[in-house]
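An overview of the molecular structure
Each chain, letter by letter, is given below.
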2 protein chains.
Amino acid sequence: MPAYSVKVIDADIGHYRIVIVPPSIAAEVGLCGGCKARVRFNGKETTALVAIDPSIKEKTVTICRWFWEEIGKPERVDLHPHVIPQSVRFIKEKLRGRRLGYEEIYTIIKDVVDGVLTDTEIAAFIAAQESVGMDINEMIHLTKAMVETGVKIDFDRPVYDMHSIGGVPGNSKVSIVAVPTVAAMEVFIPKTSSRAITSPAGTADTMEVFANVEFGLEELKELAKKTYGFIVWGGTLNLAPADDILIRVEYQLMADPLSQMIASILSKKISMGVQNLLIDIPVGREAKVESLEKGRELASIFTQVGQGLGLSMRVALTYGGQPIGYAVGPALEAREALQTLLGNGPMSVREKATALAGLVLEMAGIAPRGAGKATAKEILASGKSYEAFRRMIEAQGGNPDIKPEDIPVGSHRAEITAPMDGYVTGVYNRAITLIARAAGAPHDKGAGVLLHVKRGHKVRKGDVLLEIYSNSETRLDEALKLVSKVRPITIEGMLLETYPEEV
Amino acid sequence: MPAYSVKVIDADIGHYRIVIVPPSIAAEVGLCGGCKARVRFNGKETTALVAIDPSIKEKTVTICRWFWEEIGKPERVDLHPHVIPQSVRFIKEKLRGRRLGYEEIYTIIKDVVDGVLTDTEIAAFIAAQESVGMDINEMIHLTKAMVETGVKIDFDRPVYDMHSIGGVPGNSKVSIVAVPTVAAMEVFIPKTSSRAITSPAGTADTMEVFANVEFGLEELKELAKKTYGFIVWGGTLNLAPADDILIRVEYQLMADPLSQMIASILSKKISMGVQNLLIDIPVGREAKVESLEKGRELASIFTQVGQGLGLSMRVALTYGGQPIGYAVGPALEAREALQTLLGNGPMSVREKATALAGLVLEMAGIAPRGAGKATAKEILASGKSYEAFRRMIEAQGGNPDIKPEDIPVGSHRAEITAPMDGYVTGVYNRAITLIARAAGAPHDKGAGVLLHVKRGHKVRKGDVLLEIYSNSETRLDEALKLVSKVRPITIEGMLLETYPEEV
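This paragraph deals with the relation of the copies chain B and chain A. Between chain B and chain A, the superposition needs a rotation of 180° and an axial shift of 0.1 Å, giving an RMSD of 0.1 Å. Accordingly, the operation relating the two chain copies is best matched by a two-fold axis. Taking C-alpha positions as reference, the residue of chain B nearest the rotation axis is Thr120 of chain B, located at 2.1 Å. The share of interface residues of chain B whose copies in chain A are also at the interface is 100%, consistent with both copies meeting through the same surface.

Below is the structure:
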């Protein structure tokens, strides 16, 4: 029987796994404050930081509740001094430029999931990917290891999905239009999506305006009986659990290495049983990919890695040089998506959604190659996409009768107007993202930016360029302050310069 | 006045800076458990991890004693949400291969010292050095930044020093012989040295067998009035404090990038006012540098960086393919050093110590170039080195009359004997290091390995090859178990193979 009884406390120190022990236990095991210990319980093992508290008199090990629950609520645990795990050696070899094999990458990812590696060691793994990089085989290994260390779902029928690598504000609404357009043709598309990390709205955030997006695995199987398509949040499903931990460290380092991005996307899709996948790569100024050439390179890598994992893959390069549509932020985008499904959306949303849905319909054999977009446009125009979306909302527990104007947006509003006559020469992704987030998106669902113009539009002095929405007056002020700093929109008169200069 | 009063507790969580707050403060400031907070006090600022403890009812911020003392014992503090510091951006750019300038590297090192960067972020900086590397200018910047963020001592006269990059067991005794040989000629050599991190004995560990090695800066100035040489531990002096933090993270990653090793050595020396420095690079199988070619490369880098920082530099490549002398471990090495000073040490110790001391004497103009070693040998043979060492011991508060046999070694002892007649074909650095550490070195000063043979020696079956010493019977057993696993010594008969093979 393990040596020490466990005491549980409610202190919250986030994801840090800490065991608090009295000096007597520290001396017995040979632990120091701030060093790591192996914690053993019920035949399993994890790693935790040691805190020594001289005020504890009993010989107990104190553990925070979430950590205790995660390791299966053991009543007693053993402690042992930490040894440097083998995976650290592999990470170091990767840093020195060596290619890793499957067993080595699996060992690293398993230790990430089991809590054996600390953030320090994981940071070195992210850093190695950022600086040394991975080849196609390593990316295949990485993806596979992330799938193998998580839960996999099997739907017993062909599964289709689409995923955008993101980076362009206003993009979350595209799936809201495209997924029901695919599902309308009885092609099964169980889309898991993410919440926003650095963007103003993830597809899950926007879908949540209409319906519940948090389901367990068994509930998903029930959903699949009711509807050909759904859009849910992937976060609660324990698909590729390494990913959440790796993303947390990436966020701290502001790093997003290519190999990790690809493995992150593909591992979640494979865990969901997807066999046919469309990847959308927005290309343009201030998108994640800024040139067509780089877009093609990335498309080739995605295809090779996906095919190496047995996926049927297509990749679309789409225009991402300015926001998609006019609305940015969960509720504003939900409105615009619903308008598009009802036939009154902006052209850029309709074009992109039908192009993507069309490619999936081609993969599914519903439309011949090259004819998918036209088919998707017909489906959208006929109202079948809207009907399919109503079934999705209903299955996910929302109100299918909702109208665009029923969707509440931020109660505070401000307008930015044109300072001069001229033409819009730029609407900037990064600035729009920053302003929408400053206004409170994605946590404040009503917060965001509603554009009135796009690149190339003609404006007169005093015309509204954009509106900012927020439910908090303070945040609206913050967002307004940003406008002058980050320049979301530029306008120039037709006459740019005159020669000779006036003297 | 800062918002929150401070409560101090005695819990020990090592170097982790943690603030424990009640939910009321977390909500007020906008902090989550496990996220980082900026802690402001007396016009200064640092970063700490947030733990939220619902059992705390008062609106106080709880801080561990060491952390509280480090930040100057503030009675009240302010808390603010953490923002990602600029230095993280520089680290990420380094990961992507960009050369950093002085201001950028200084910003990183300053944030390391001020506790703004967490281990995760520091790990990425170490990883960048490991994989991308630094050029000569970056190493100069790094060294300078490490000096500028610490304390610098000024002795008001020419300062000489020597430093070995280590990696060879038995090497710690060399300085014990070489430093007094230099000091005997009234050349000022205030040697700061390290305790062992991964070796069986650092020079500070071995010197501590004779005398006190922990002094403050003011005490060092007093020492310098009494003796031309001393050997003290650099750890208490706050010289280049970034180094200790960086080494802690390197140790976790088992990484020791070249640029960080060079900056670590040179920054401590420059902080000690050294203007003339000899670097010793042991070269050989299982040393840090395994070929002469790589040794020359490293020598060139050391010289360029040192000269770029205004140092007069010499670098010696020495033989490091087996242990130096016969003794490994603090007390055993102390004995062998003293024997050498008294004229009865092994040749390899005498040769290496006089070679290094001779080079320093050449730099100081005491011996003409090329004649240093002969001069050093004369000094050693004349007993002047021993006399100088007696003065060092006395100044550092030890007993100058100590004899080699007075030095206590481990009370438990085991012998390993030759299993066959033959010649010693190898004595292996790594295996000897592991066995000595398993026996308890460096913390158990009496623990270690005493070799009876070196490479090329002839042995008969049953001859003693080595002895292991320890003050713990359990540890001695552990060390003995290792012997069969790691093979410290190999023996082969002269007749290796015969042709034709017997059938």
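We now examine the domain arrangement of chain A. Residues and elements named next belong to chain A. Each domain of chain A was delimited in the assignment, giving domain 1 (4–81), domain 2 (160–236 + 266–395) and domain 3 (412–492). Computed over C-alpha atoms, the centres of domain 2 and domain 3 are 26 Å apart. Listed by partner, the interface residues are 31 residues for domain 2 and 26 residues for domain 3. In total, about 2,100 Å² of surface goes out of reach between domain 2 and domain 3, with carbon and sulfur atoms giving 52% of it. Run the count over domain 2 and domain 3 and you get two salt bridges. Residue Arg430 is joined to Glu290 by a salt bridge in which the shortest nitrogen-to-oxygen separation is 3.8 Å. At the junction of domain 2 and domain 3, the tally comes to 15 residue pairs in polar contact (both at pLDDT 80 or more). If you list the elements that add at least two residues to the side of domain 2 that touches domain 3, you get strand 12 (327–328) and helix 13 (330–341).

Moving on, we come to the pairing of strand 10 (residues 276–283) of chain A. All names here are of chain A. With eight of eight residues buried, strand 10 lies mostly within the body of the structure. Here strand 10 shows a buried face lined by Asn276, Leu278, Asp280 and Pro282 and a second buried face lined by Leu277, Ile279, Ile281 and Val283. Sheet topology note: the strand 7 (residues 160–164)/strand 10 ladder contains five bridges and is parallel. The partner of His163 across the bridge, within strand 10, is Ile279. Pairing between strand 10 and strand 11 (residues 312–319): eight bridges, direction parallel. In the strand pairing of strand 11, Asn276 is matched with Ser312. Each parallel crossover has a hand, and the one from strand 10 via helix 12 (residues 292–308) to strand 11 is right-handed.

On to unusual backbone geometry, then. Residue and element names in this part refer to chain A. Here Ala441 and Pro442 are connected by a cis peptide whose omega angle stands at 5°. Structurally, Pro442 can be placed in the loop between helix 17 (429–438) and strand 15 (448–451). Its identity is not glycine, yet Glu186 carries a phi of approximately 60°, on the positive side. Positionally, Glu186 belongs in the loop between helix 7 (172–183) and strand 8 (189–193). Under the relative-accessibility criterion, Glu186 is labelled exposed at 55%.

Facing 38 residues of chain B, the contacting portion of chain A comprises 38 residues. Seen at the junction of chain B and chain A, the total is two salt bridges. Of the charged contacts, one joins Arg96 of chain A and Glu130 of chain B as a salt bridge, the two residues approaching to 2.4 Å between their closest N and O atoms. Taken together, chain B and chain A are joined by 11 residue pairs in polar contact (both at pLDDT 80 or more). At the level of secondary structure, the elements contributing two or more residues to the side of chain B that touches chain A comprise strand 4 (44–52), helix 3 (86–95), helix 5 (119–131) and helix 10 (242–253) of chain B. The element contributing the most residues to the side of chain B that touches chain A is helix 5 of chain B, with eight residues. Along the lines of polarity and charge, the residues of the side of chain B that touches chain A split into 21 nonpolar, eight polar and nine charged.

Moving on: the packing of aromatic side chains. Applying the stated criterion across every chain yields a total of 10 aromatic pairs over all chains. When the ring of Phe210 of chain A is compared with that of Phe389 of chain A, the centres are 5.0 Å apart and the planes differ by 90°; the resulting orientation is edge-to-face. Separated by 179 residues along the polypeptide, Phe210 of chain A in the loop between helix 8 (203–207) and helix 9 (217–226) and Phe389 of chain A in helix 16 (residues 384–395) bring together distant segments of the chain. An angle of 75° between the planes, with centres 6.4 Å apart, marks the rings of Phe188 of chain B and Phe230 of chain B as edge-to-face.

Turning our eyes to something else, we now look at the confidence of the model for chain A. Chain-level statistics for chain A give a pLDDT mean of 92 and a share of 98% at 70 or above. Reported for the predicted complex are a pTM of 0.82 and an ipTM of 0.75.

With that settled, consider the pattern of salt bridges. Under the counting rule described, the total for this entry stands at 65 salt bridges over all chains. Measuring nitrogen to oxygen at the nearest pair gives 2.4 Å for the salt bridge that ties Glu93 of chain B to Arg98 of chain B. Between Asp135 of chain B and Arg99 of chain B there is a salt bridge; the shortest N-O distance is 2.5 Å. One end of the pair, Asp135 of chain B, is in the loop between helix 5 and helix 6 (136–148); the other, Arg99 of chain B, is in the loop between helix 3 and helix 4 (102–113), and 36 residues separate them in sequence. Overall, Arg99 of chain B belongs to the exposed group, its relative accessible area being 58%. If you follow the salt bridges from partner to partner, you end up with Arg195, Asp205, Glu208, Glu214 and Lys445 of chain A in one network.

On to helix 17 of chain A. Residues and elements named next belong to chain A. Along helix 17, seven of the 10 residues are buried, which leaves the element largely enclosed by surrounding structure. Taken together, the buried positions of helix 17 are occupied by Asn429, Ala431, Ile432, Thr433, Ile435, Ala436 and Ala438. Its buried side turned inward, helix 17 meets strand 12, strand 14 (422–427), strand 15, strand 17 (464–470) and helix 18 (473–486). Just downstream of helix 17 lies Gly440, where phi reads positive at about 125°.

Rules used throughout
- Here, residues in each chain are numbered from 1, in the same order as that chain's written sequence.
- Lettering of chains starts at A and numbering of ligands starts at 1, both following the order in which they are written.
- The predicted origin of the model limits local features to residues at a pLDDT of at least 70 and limits the giving and counting of side-chain atom pairs to 80 or more, whereas totals for whole chains, interfaces and linings rest on all residues.
- For side-chain calculations, the full set of non-hydrogen atoms in the structure is used, while hydrogens and water are omitted.
- The least-squares superposition of copies is restricted to C-alpha atoms, and to residues with a pLDDT of at least 70 in both copies.
- Here, two residues are considered to be in contact whenever any of their heavy atoms come within 4.5 Å of each other.
- Throughout, the edges of the domains are those of an automatic or database domain assignment.
- Accessible area, probed at 1.4 Å, shrinks when two parts are joined; the buried area is that loss added up over both.
- Take a side-chain nitrogen of Lys or Arg and a carboxyl oxygen of Asp or Glu: if they are within 4 Å of each other, that pair is a salt bridge.
- In protein, a polar contact requires one atom able to donate a hydrogen and another able to accept it; more generally it is a pair of N or O atoms within 3.5 Å, and residues adjacent in sequence count only if both atoms are side-chain atoms.
- Secondary structure elements are taken from DSSP: a helix is a run of H or I of four residues or more, a strand is a run of E of two residues or more, and numbering for both begins at the N terminus.
- When accessible area is computed with a 1.4 Å probe and restricted to protein chains, residues below 20% of their type maximum are described as buried, those above 50% as exposed, and intermediate ones as partly exposed.
- DSSP-based pairing: two strands are paired if at least 2 bridges between them are found.
- For a crossover, the right-handed case is the one in which the path from the first strand over the helix to the second runs clockwise, viewed with the strands pointing away from the viewer.
- Residues were grouped as follows: Ala, Val, Leu, Ile, Met, Phe, Trp, Tyr, Cys and Pro as nonpolar; Asp, Glu, Lys and Arg as charged; and all remaining residues, including Gly, as polar.
- Classification of ring pairs rests on two measures: the distance between centres of Phe, Tyr or Trp rings, Trp counted by its six-membered ring, which must be within 6.5 Å, and the angle between planes, read as stacked under 30 degrees, edge-to-face over 60 and tilted in between.
- Every residue carries a pLDDT, the predictor's confidence in it, which falls somewhere between 0 and 100.

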